[in-house]
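A closer look at the structure
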Amino acid sequence: MTEFERFIVELTSAAAEVTLPFFRSDIGHVDKGGAAGFDPVTEADKQAEAAIRKVIAARYPDHGVIGEEYGEDRPDTEFVWVLDPVDGTRAFIAGLPLWTTLIGLRHNGRPVVGAIAQPYLDEVFVGGPSGGQLISRGGSRPLKTRPIETLNDAIIATTDPAIFTGSELGAWTQVRAAARLARLGCDAYAYAMLADGRIDLVAESGLKVWDWSALVPVIEAAGGEVTNWRGETPDGSGQILAVGDARIRDQALVTLKRAAL
């Protein structure tokens, strides 16, 4: 593993030391959504991001950081860490082990190293220059997406159809109708399963930069692709399409492009 790949695993461990004592505990959460709707944040979110930032600052004080909980610090520097300490907070407060810690490293604006960690299951999915691997239970193995020729044979996922608005929902519904099986409610863990060859396609909307930056290197290192709904590099649109095989990407985009921002 490269220096940054080893370091990103170290960061997931620092986050796990904070998040695991909160998981399935009696400690509550705060709704930060207000009139916009339920949007919970827990002490695990805030304390885990603070812990990650502290480790980064000690090792790489010249690096920038973008985090969901504490905002931006030098976001235009050469190296920038992008953090989502608890992606899937709703799963977290419901006691479901589908939440993850997402950590990505951007170099000149492009995600180059990423980690999707589920500490309760003792899993860290890492992607970077040395490839993709799953680190779990004291061992590791390569990550590899599976080949699939048609969308009709695909297993697909999204967190919740309620995230789609207007024409997006119609586009998702058509993609779902074409696929063999659809699973809901997995949050970023669905992308980990895509990198591991279990799921073939994930489509979502309304994502922030901390929601998708870590996913890109993991999925690309495993042989997959991540684009927006126009088939281009992910951007501020918040629309993300991840696939394990480019052939089904093109099939899905026939529908998704009609609702692309």
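Our structure is the block above this text.
This one's a predicted model, so the numbers in the text were calculated from it and none came from an experiment.

Cut-offs and rules
Residues numbered from 1 in each chain as written. Predicted model: local features only at pLDDT ≥ 70, side-chain atom pairs only at ≥ 80, totals over all residues. Heavy atoms only, no water. Pairing = 2+ DSSP bridges. Helix = DSSP H or I, 4+ residues; strand = E, 2+ residues; numbered from the N terminus. Axes fitted to C-alpha atoms, helices over the stretch in contact; angles between N-to-C directions. Salt bridge = Lys/Arg side-chain N within 4 Å of Asp/Glu carboxyl O. Buried < 20%, exposed > 50% of the residue type's maximum accessible area, 1.4 Å probe, protein only. Expected span 1.5 Å × (residues − 1). Arc of directions from axis to C-beta. Contact = heavy atoms within 4.5 Å. Phe/Tyr/Trp six-rings, centres within 6.5 Å; stacked < 30°, edge-to-face > 60°. Parallel < 35°, antiparallel > 145°, perpendicular 65-115°, else oblique. Left-handed = near helix turned anticlockwise from the far one by under 90°. Nonpolar A, V, L, I, M, F, W, Y, C, P; charged D, E, K, R; others polar.

This brings us to the sheet that holds strand β7 (residues 110–118). Spatially, β4-β3-β5-β6-β7-β8-β9-β10 is the arrangement adopted by the eight strands of the open sheet, whose pairing is mixed. The sheet is open, and its two edges are formed by β4 (71–73) and β10 (139–142), each paired on a single side. With strand direction ignored, the average angle separating the axes of adjacent strands in the sheet is 15°. Here strand β6 (residues 100–107) runs beside β7; their pairing, made up of seven bridges, is antiparallel. Residue pairing across strands places Ile103 opposite Ala115, the latter belonging to β7.

According to the stated counting rule, one finds 14 salt bridges in the structure shown. Residue Asp73 is joined to Arg74 by a salt bridge in which the shortest nitrogen-to-oxygen separation is 3.4 Å. Among the residues examined, Arg74 registers a relative accessible area of 38% and is labelled partly exposed. Salt bridges sharing partners connect three or more residues here, namely Arg141, Asp196 and Arg198.

What follows is about helix α4 (residues 167–178). Here α4 contains 12 residues, and its C-alpha end-to-end distance of 17 Å stays within 8% of the 16 Å for a straight helix at 1.5 Å per residue. Taken together, the buried positions of α4 are occupied by Glu168, Ala171, Trp172 and Val175. One side of α4 holds all its buried residues, which, seen down the axis, span an arc of 95°. Looking at the buried side of α4, the elements it contacts are β11 (155–158), β12 (181–184), β13 (201–204) and α8 (246–256).

The subject of this paragraph is the packing of aromatic side chains. Tallying each qualifying case throughout the model produces 12 aromatic pairs. Judged by centre distance (4.9 Å) and plane angle (70°), the ring pair of Phe92 and Trp99 falls under edge-to-face. Residue Trp99 is classed as buried on the basis of its relative accessible area, which comes to 0%. One aromatic cluster is present, built from ring pairs that chain together Phe4, Phe7, Tyr60, Phe79 and Trp81.

Attention shifts here to the packing of helix α1 (residues 3–22) against helix α2 (residues 43–59). Between α1 and α2, whose axes approach to 9 Å, the crossing angle comes to 150°. Classed by the angle they form, the pair α1 and α2 counts as roughly antiparallel. Handedness of the α1/α2 crossing: right-handed. Together, Phe7, Glu10, Leu11, Ala14, Ala15, Val18, Thr19 and Phe22 of α1 and Glu43, Ala44, Gln47, Ala48, Ala51, Ile52, Val55, Ile56 and Arg59 of α2 make up the contact between the two elements. The residue inventory of the contact of α1 with α2, partitioned by class, reads 12 nonpolar, two polar and three charged.

So, on to the sheet that holds β13. With mixed pairing, the five strands of this open sheet are ordered in space as β12-β11-β13-β15-β14. Each end of this open sheet is capped by a strand with a single partner; those strands are β12 and β14 (225–227). Strand-to-strand twist of the sheet, defined as the mean angle between neighbouring strand axes without regard to direction, takes the value 15°. As defined by bridge partners, β14 adjoins strand β15 (residues 240–243) across three bridges and the pair is classed as antiparallel. Across the sheet, Val226 pairs through a bridge with Ala242, a residue of β15.

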